[in-house]
Amino acid sequence: MTPSQRPVDMRPDVLVIGAGPAGLTAAADLAGTTAGEVLVLDREENAGGIPRHSDHLGYGVRDLHRMLTGPDYARRLVDAATAAGATIRTRAMVTGWDADGSAEVTTPTGRLLVRAKATVLATGARERPRSARLVPGDRPRGVLTTGQLQNLVHLHHADPGHRAVVVGGELVSWSAVLTLREAGCRTVLLTTEYPSPESYAVFNLAGRLALRTPVATGTRVVDIIGEGRVRAVVVESIETGQRRTVECDTVVFTGDWIPDHELARLGGLELDTHTRGPRVDTALRTSRPGFFAAGNLVHPVDTADISALDGRHVAAGVRAYLEGARPSGPAALILADKPFRWIAPNVLRPDDPAPPRGRLLLWTDELVRRPHISVRQNGYELAHARLRWPASPGRVVRVPSSLLDGIDPAAGDVTVGLR
Ligand SMILES: Cc1cc2nc3c(=O)[nH]c(=O)nc-3n(C[C@H](O)[C@H](O)[C@H](O)COP(=O)(O)OP(=O)(O)OC[C@H]3O[C@@H](n4cnc5c(N)ncnc54)[C@H](O)[C@@H]3O)c2cc1C
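Residues numbered from 1 in each chain as written. Predicted model: local features only at pLDDT ≥ 70, side-chain atom pairs only at ≥ 80, totals over all residues. Heavy atoms only, no water.

An unreviewed UniProt entry annotates the protein as NAD(P)/FAD-dependent oxidoreductase originating from Jatrophihabitans telluris.

Student: For this particular structure, what's the right way to read the environment of A336?
Tutor: With respect to the element layout, A336 can be found in strand β22 (residues 332-336). Note: C-alpha distance between A336 and T364 (28 residues apart in sequence) is 9.5 Å. Those residues within four positions of A336 in sequence are excluded, and the remaining contacts are R341, W342, I343 and V416. (Helix = DSSP H or I, 4+ residues; strand = E, 2+ residues; numbered from the N terminus. Contact = heavy atoms within 4.5 Å.)

Student: Mind showing me how you'd approach the nonpolar core here?
Tutor: Note that soluble globular proteins tend to have their nonpolar side chains buried in a common cluster. Judged by nonpolar contacts, the single largest core of 53 residues is most densely connected at V38, L41, V105, V114 and L121. Among the elements that line this core, the one with the most residues is helix α1 (residues 21-33), at 7 residues. Those residues within four positions of L121 in sequence are excluded, and the remaining contacts are I17, W97, L263, A264, L269, F292, A293, A294 and L297. Residues I334, L348, V368 and A391 belong to the second largest nonpolar core, which totals 19 residues. (Core = buried A, V, L, I, M, F, W, Y, C linked by side-chain atoms within 4.5 Å. Buried < 20%, exposed > 50% of the residue type's maximum accessible area, 1.4 Å probe, protein only.)

Student: Could you clarify how one ought to interpret empty space enclosed by the protein in this entry?
Tutor: Once rolled over the atoms, a probe with the size of a water molecule shows which space is left empty. Within the structure shown, the criterion is met by 1 cavity of 30 Å³ or more. Taken together, V280, L284, V298, H299, I306, D310, A344, P345, P356, R357, R359 and L361 make up the full set of residues lining the largest cavity. For the lining of the largest cavity, the elements supplying multiple residues, two or more each, are α8 (304-322) and β25 (359-364). Its residues assigned to classes, the lining of the largest cavity comprises 8 nonpolar, 1 polar and 3 charged. (1 Å grid on protein atoms, 1.4 Å probe; cavity = no way out; pocket = protein on both sides within 12 Å on 5 of 7 lines; lining within 4 Å. Points joined across faces, edges and corners; volume = space filled by probe spheres on them. Nonpolar A, V, L, I, M, F, W, Y, C, P; charged D, E, K, R; others polar.)

Student: Quick question: what am I supposed to make of the site of the ligand here?
Tutor: Taken together, 36 residues surround the ligand, and among them D42, G58, N296, D302 and A304 come closest. In the environment of the ligand, a nitrogen atom lies 2.8 Å from a nitrogen or oxygen atom belonging to the backbone of G58. At a separation of 2.9 Å, an oxygen atom of the ligand approaches a polar backbone atom of A304. Considered on its own, the ligand offers 1,000 Å² of accessible surface; in the complex 92% of this is hidden by protein. In terms of residue count, strand β4 (residues 57-59) provides more of the shell around the ligand than any other element does, 3 residues in total. (Near = heavy atom within 4 Å. Polar contact = N/O pair within 3.5 Å; in protein donor to acceptor, adjacent residues only side chain to side chain. Areas by Shrake-Rupley, 256 points an atom, 1.4 Å probe, with all protein chains shown as cover.)

Student: Explanation requested: the layout of surface pockets in the structure shown.
Tutor: Put simply, the second largest pocket is a space of about 570 Å³. Together, 31 residues line the second largest pocket, and R133, V167, E193, Y194 and D256 are the ones closest to its centre. Sorting the residues of the lining of the second largest pocket by element identifies β16 (219-225), β20 (257-259) and β23 (340-344) as the ones contributing at least two each. Looking at the lining of the second largest pocket, the element that brings in the most residues is β16, giving 4 residues.

Student: It is not clear to me how the packing of α1 against helix α3 (residues 70-84) should be interpreted in this structure. Could you clarify?
Tutor: The angle between the axes and the distance between the axes are what describe a pair of packed helices. At a minimum axis separation of 7 Å, α1 and α3 run at an interaxial angle of 25°. Between α1 and α3, the angle is such that the two are roughly parallel. Judged by the twist between their axes, the crossing of α1 over α3 is left-handed. Residues P21, L24, T25, A27, A28, A31 and G32 of α1 form the contact with α3, whose participating residues are Y73, L77, V78, A80, A81 and A84. A class-by-class count of the residues in the contact of α1 with α3 yields 11 nonpolar, 2 polar and no charged. (Axes fitted to C-alpha atoms, helices over the stretch in contact; angles between N-to-C directions. Parallel < 35°, antiparallel > 145°, perpendicular 65-115°, else oblique. Left-handed = near helix turned anticlockwise from the far one by under 90°.)

Student: How do you make sense of the pairing of strand β7 (residues 93-97) when you look at a structure like this?
Tutor: Walk down a regular strand and you will see the side chains alternate between the two sheet faces. Inspection of the sheet shows β7 paired to strand β8 (residues 103-107) by 4 bridges, in the antiparallel sense. Bridging from a neighbouring strand, M93 pairs with T106 of β8. If you look at the hairpin formed by β7 and β8, you'll find 5 residues sitting between the two strands, and G101 has a positive phi there, around 95°. (Pairing = 2+ DSSP bridges.)

Student: What is the right way to look at a nonpolar patch on the surface in this model?
Tutor: There is a patch of nonpolar side chains on the surface, built from L57, V61 and M67 and spanning about 290 Å² of accessible area. Relative to the elements of secondary structure, L57 occurs in strand β4. (Patch = residues over 30% accessible without salt bridge, like charges linked within 9 Å, V, L, I, M, F, W, Y side chains within 5 Å. Salt bridge = Lys/Arg side-chain N within 4 Å of Asp/Glu carboxyl O.)

Student: Help me out: how do you make sense of α3 in this one?
Tutor: Turn by turn, an α-helix covers 3.6 residues, leaving residues three or four places apart pointing in a common direction. Between its terminal C-alpha atoms α3 stretches 21 Å, which fits the 21 Å expected from 15 residues at 1.5 Å a residue. All of the buried residues along α3 are G70, P71, Y73, A74, L77, V78 and A81. Buried residues along α3 cover an arc of 160° about the axis, so they all sit on one side. Those residues of α3 that are exposed and angled more than 90 degrees off the buried face are D79 and A83. Buried residues along α3 sit against α1, β4, α2 (61-64), β5 (68-69), β6 (87-89) and α8. (Expected span 1.5 Å × (residues − 1). Arc of directions from axis to C-beta.)

Student: I'm lost on the sheet that holds β16 in this one. Help?
Tutor: Sheets are built from strands that pair by backbone hydrogen bonding, the pairs being arranged parallel or antiparallel. The antiparallel open sheet is built from 3 strands, whose spatial order is β16-β17-β18. Both edges of this open sheet fall to β16 and β18 (243-247), since each of them pairs with a single strand only. With direction set aside, neighbouring strand axes in the sheet form an average angle of 30°. Summarising the sheet, strand β17 (residues 232-237) and β18 pair through 5 bridges and their orientation is antiparallel. Note that in β18 the partner of A232 across the bridge is E247.

Student: Even after reading the chapter, I still don't get the state of the cysteines, so can you show me in this structure?
Tutor: Such a bond, covalent and formed between the sulfur atoms of two cysteines, is termed a disulfide. Per the stated rule, a full pass over the model turns up 0 disulfides. Left unpaired, C185 is separated from the closest cysteine sulfur, that of C248, by 9.1 Å. Residue classification places C185 among the buried residues on the basis of a relative accessible area of 3%. (Disulfide = S-S within 2.5 Å.)

Student: I'm lost on the pattern of salt bridges in this one. Help?
Tutor: Pairing of side chains with opposite charge becomes possible as their charged atoms draw close. Tallied over the entire structure, the rule returns 21 salt bridges. Among the salt bridges present, the one from E44 reaches R52, with a minimum N-O distance of 3.3 Å. A salt bridge links R285 to D281, with the shortest nitrogen-to-oxygen separation between them at 2.7 Å. With respect to burial, R285 and D281 carry one shared label: buried. Within the structure, one salt-bridge network assembled from shared partners comprises D281, R285, R349 and D352.

Right, dumping it as structure tokens:
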């Protein structure tokens, strides 16, 4: 290997991977309060994560206490991290780890080997594409996820088509409808497998009325037709099996999130089989000492402000780690019971802080109008609480973490479900 091919060694105190809301907020907090160097790496051309190309209002409410568009929000987070003294390097993709835990990084000017005292993974989540959803049919152009659509429209100013079918009824699905409309493309159908769209009722109503979007509940796309470009999709009623063909030139697969967990997996971190992100305790420590995780990587998927507040929370854990604090006592798993699909954080340790915002985050597969949450250990109910809001598929259910107060992790795993 010639000297020019050798990776450049970097030794920051903290390495943050991912310059989205979680990573940037963690970096701003850490750089403002630790003496050491904080390096943020992101594979994209610009820092800011998903909000960079999500050009509508709806960002910053809980963390910045204002309502911003995605790009404005992203700019503020980048400015805050930079002003605090963090170094942000873009077009820097972390591709793996060497034997001693250094991050291997590829940049246009060469490779880096970054050895940090602590590492925060904040690589976010992505929508599962058509291939992962196993939708049969032709393989024409015009099949996108919301992220790809917004990239195309907002960053590349390209034309997405004229008639779209949007698959999914989450908040993000309405964001796709808005983007399509701005780009001059009509949404001729929004299809969801659930009995009602997963988004908040107010968005569903606004979508149906203001955006004049027909919604087909209890349906799924079973075929994509088109040579070269999409020509139509076949939509099937889940209950009756009845099918109809809907003409369109664009199909947008929305929601149905999976964490960007490849680095966590390559780093040997324990993954939670339900979130499919790294398993984290309430301080957002992973199973590997010195490695932390925050944002949608650990809860696929919540809003940007929640990810940003994770960033603030993880910074406290990282600082404690750098000062020599280590977790104490045995750990128990926190498990989700049906109808919940996952829960985060998912590890309970004695003497640990409450999770971010004092909330456990859950994802439900069924609509429960008045959920009565039950916490059990060894078959015994230890705590319960009735929530004042419904648990609805497609958005996070928030449960006060005080339900876990006083539970001894040494006594076994803890299950959170319904009474
Ligand atoms: C279409 C759409 C609309 C939305 N609308 C709203 C809204 O109105 N309000 C709201 O609050 N939230 C909204 N959200 C959700 C919000 O964008 C996310 O909650 C938020 O971006 C999550 O932040 P994060 O930091 O966890 O991850 P991300 O924002 O996804 O950032 C992760 C970063 O990690 C980088 N990365 C990943 N892997 C690597 C690697 N190997 N090396 C280097 N870098 C890497 C990525 O490039 C990315 O920049 C929307 C999401 C979408 C898709």
